[in-house]
Amino acid sequence: MTSTIDTAARRRVTPTGILVLPSSAPKSEWLQARKDGITATDIVKIVGLSNFGTALTVAAEKRATIDEDTGLSEAGHWGQELEDYVARRWAETRVVSVRRVGLMQNVHHPWMLASLDRLVTGCPDGRCGAEIKTTGQWLADSWDGGVPPRVNAQVQWQLAVSG
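To keep things clear, this report deals only with the structure shown in the data block. Computed from a prediction, not measured in an experiment: that's the story for all the values here. (Residues numbered from 1 in each chain as written. Predicted model: local features only at pLDDT ≥ 70, side-chain atom pairs only at ≥ 80, totals over all residues. Heavy atoms only, no water.)

## A look at the pattern of salt bridges
Reasoning step 1: Within this structure, the stated rule accounts for 6 salt bridges.
Reasoning step 2: Arginine 118 is the partner of glutamate 83 in a salt bridge, and the nearest nitrogen-oxygen pair spans 2.8 Å. Separated by 35 residues along the polypeptide, glutamate 83 in helix 4 (residues 74–94) and arginine 118 in strand 6 (residues 118–123) bring together distant segments of the chain.
Reasoning step 3: Looking at arginine 118, the relative accessible area reads 3%, which means it is buried.
Reasoning step 4: Of the charged contacts in the structure, one is a salt bridge between arginine 89 and glutamate 92, with a shortest N-O distance of 3.2 Å. With arginine 89 and glutamate 92 both in helix 4 and 3 residues apart, this pair spans about one turn of that helix. (Salt bridge = Lys/Arg side-chain N within 4 Å of Asp/Glu carboxyl O. Helix = DSSP H or I, 4+ residues; strand = E, 2+ residues; numbered from the N terminus. Buried < 20%, exposed > 50% of the residue type's maximum accessible area, 1.4 Å probe, protein only.)

Below you can see the structure in the form of structure tokens.
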């Protein structure tokens, strides 16, 4: 695997997370940079918690033998559209500030990548992250018992990457 991540632009943005691509980067660059490691979306597929791929499809995407699905479903489109609003409203109700961060890699394990939805300033313990999820009526039941396993796996991965 040939790295596409620009090493000159790196700076630490969390205890163990180094920014390798800002949130303002074009989607094509972000998708290409994700091929250099394992992301939270990949982890859900690898451990069998995704309906949208498996460990085998992740391996094929990383080796570029198949293209990563870059199209969004209607639900995915609305999730992205609503993310900024949900993040701002959540921050207002907690009197904290949020900002987008971009693609990070773990300082000790460069193959570990994550794109936090937001970094939060003003948390009781200092800086923390926020994972923004919206859901429609078809997946609402999956939240009845708390955070679904697929979301928990993503968040645990992001914590491991960012520290």
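## Here we look at the sheet that holds strand 7 (residues 126–130)
Each strand in a sheet pairs with its neighbour through backbone hydrogen bonds, running either in the same direction (parallel) or in the opposite one (antiparallel).
Reasoning step 1: Strand order across the open sheet formed by 3 strands is 3-6-7, with antiparallel pairing between neighbours. Two strands bound the open sheet, and with one partner strand each, they are strand 3 (97–99) and strand 7. The sheet shows a mean angle of 30° between the axes of neighbouring strands, taken without regard to direction.
Reasoning step 2: Relative to strand 7, strand 6 is paired through 4 bridges, and the arrangement is antiparallel. Bridging from a neighbouring strand, arginine 118 pairs with alanine 130 of strand 7.
Reasoning step 3: Taken strand by strand, helix 4 contacts strand 3, strand 6 and strand 7, and its axis lies near 5° from that of strand 6. (Pairing = 2+ DSSP bridges. Axes fitted to C-alpha atoms, helices over the stretch in contact; angles between N-to-C directions. Contact = heavy atoms within 4.5 Å.)

Fair warning: the whole summary comes from geometry, so function is off the table for now.
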